Amino acid sequence: MAEYAKDHGYVVAVTADHGNIETLYNKEGKPHVAHTTNLVPFIVLDPQGRDIALHDGRLGDVAPTVLSVLGLEQPAEMTGTSLIETPGFTNKKMMLIILDGWGFGTADDKDAIFSADTPAWDGLLAKYPNSRLRASGEDVGLQAGKPGNSEAGHSNLGAGRVVAQDDVRMDRAIQDGSFKTNPVFLQAIANARENHKPLHLLAYLTEKSSHGCIDYPLMLVEMAEGVEEIDLHIIFDGRSTEPGSAPAMLRTLEERLGSAEGPVLPEDQLAGGHHRAGPQGHQHMGAHTGRAMGILPLRTDDRSHQHGQEHTKADIQRRQGQRGHIHHRYRCCCHSFTSQIKMGTV
């Protein structure tokens with residue numbers, strides 16, 4: 001596609017939203033399934049074959065580069081800079097190709113892209129000017145050292161600047177105290193308290209994902225003074241965290257609930273657990289998502305006779321290492337599941 005577009009008068013830029021596929025194994029020698037902090041490529045194909053000088057940068061520099069090539073004025077909101085240093089480099093047509101999860105790895109047998117037979121890709125790098133872009137951490141609005149992801153990658157690519165991601169904004173709100181004064185949170189807690197209804201909290205069981213963090217529902221637990229019942233609906237991770245990490249993280253959750261301030265009383269419950277592919281599914285999995293979301297407030301399931309603790313642990317252990325292959329939720333939403341979230345009860 002890139003060569004075809006170039007031959008038809010387009011300046012073509014090829015880049016990626018984050019790293020992923022290039023890393024084959026984690027430190028334990030197991031298959032690596034998470035995103036990475038690796039740099040990503042930026043390649044420019046010019047139909048006129050001009051000499052092009054590029055510099056390294058970050059994803060937020062891509063949109064300004066596109067505007068520069070097209071001869072369009074860069075808005076003040078775009079604080080990125082063009083990656084092309086060559087003065088007067090313009091063209092009437094431009095194509096931007098964004099690869100998904102395609103970074104620069106270690107260039108050895110642990111690097112999937114390096115090890116594979118990729119003549120077209122190798123040809124692009126050898127034939128055309130290219131540079132490297134930072135696509136993770138603070139360069140894309142994430143926490144320092146945090147791997148990049150599609151949401152951060154594409155928002156930065158399009159905005160032409162560093163876009164603070166939701167987790168960073170949430171962490172800032174916790175640090176500056178504005179989290180505890182959020183009117184939406186306060187109203188939900190007040191409704192549960194005044195109407196003697198359960199407060200349902202959807203909790204993502206992870207510590208470093210752009211989709212959420214267990215810190216947020218725990219903070220809401222601390223805020224829920226006077227609420228008679230708090231139900232935690234757990235979404236297990238296994239991507240931003242290592243597959244098989246759920247049991248240890250459940251224990252951590254229990255410990256933190258036991259030491260948290262606020263109404264962490266015997267009536268607090270683990271109301272259910274779901275695999276992330278259910279409520280978060282985005283690969284034509286609407287039926288699974290609908291089923292997961294429909295059951296969340298009900299705490300009912302066809303396994304209601306089973307004790308939640310035993311089923312949850314057994315199901316997690318059975319599915320360890322299978323994230324990406326199990327395309328349905330962990331089925332442990334039990335109507336009779338009233339075991340308390342304390343050490344050894346989940």
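Above this note sits the structure.
A few points on the structure. (Residues numbered from 1 in each chain as written. Predicted model: local features only at pLDDT ≥ 70, side-chain atom pairs only at ≥ 80, totals over all residues. Heavy atoms only, no water.)

### With respect to helix α5 (residues 150-159)
Counting along an α-helix, one turn takes 3.6 residues, and residues three or four places apart therefore face a common direction. Among all positions of α5, only A152, G153, N156 and L157 are buried. When α5 is viewed along its axis, its buried side chains cluster within an angular range of 125 degrees and face the same direction. Packed against the buried residues of α5 are β1 (11-16), α2 (62-70) and β4 (94-99). Between the side-chain oxygen at the start of α5 and the backbone nitrogen of E151 there is a gap of 3.0 Å, and the oxygen is on N149. Backbone geometry just downstream of α5 places G160 in the positive-phi region, at approximately 70 degrees. (Buried < 20%, exposed > 50% of the residue type's maximum accessible area, 1.4 Å probe, protein only. Helix = DSSP H or I, 4+ residues; strand = E, 2+ residues; numbered from the N terminus. Arc of directions from axis to C-beta. Contact = heavy atoms within 4.5 Å. Polar contact = N/O pair within 3.5 Å; in protein donor to acceptor, adjacent residues only side chain to side chain.)

### Examining the environment of T37
Relative to the elements of secondary structure, T37 occurs in the loop between β1 and β2 (40-45). Each C-alpha atom, one on T37 and one on F104, is 9.7 Å from the other, the two residues being 67 residues apart in sequence. Dropping the residues within four chain positions of it, T37 is found in contact with S136, G145, K146 and P147.

### Some points on helix α6 (residues 166-176)
Of the positions making up α6, those classed as buried are D167, V168, D171 and A173. G177 lies just past α6 and shows a positive phi near 90 degrees.

### A few points about the nonpolar core
The biggest cluster of nonpolar side chains holds 27 residues, and the ones touching the most others in it are F179, L199, L201, L205, V227, I234 and L253. Those elements giving two or more residues to this core turn out to be α7 (183-194), β6 (199-205), α8 (215-223), β7 (230-236) and α9 (246-259). A total of six residues in this core trace back to one element, the largest contributor, which is α8. With 22 residues, the next largest nonpolar core counts V44, L59, V66 and V69 among its residues. (Core = buried A, V, L, I, M, F, W, Y, C linked by side-chain atoms within 4.5 Å.)

### Considering the environment of D215
Here D215 is to be found in helix α8. Taking C-alpha positions, D215 is 9.5 Å from R256, a pair spaced 41 residues apart along the chain.

### A closer look at the pairing of strand β5 (residues 130-134)
Of the two faces of β5, only the one carrying S131 and L133 is buried; N130, R132 and R134 on the other face are not. The pairing of β2 with β5 spans four bridges and is classified as antiparallel. Among the inter-strand pairings, F42 is bridged to a residue of β5, identified as S131. (Pairing = 2+ DSSP bridges.)

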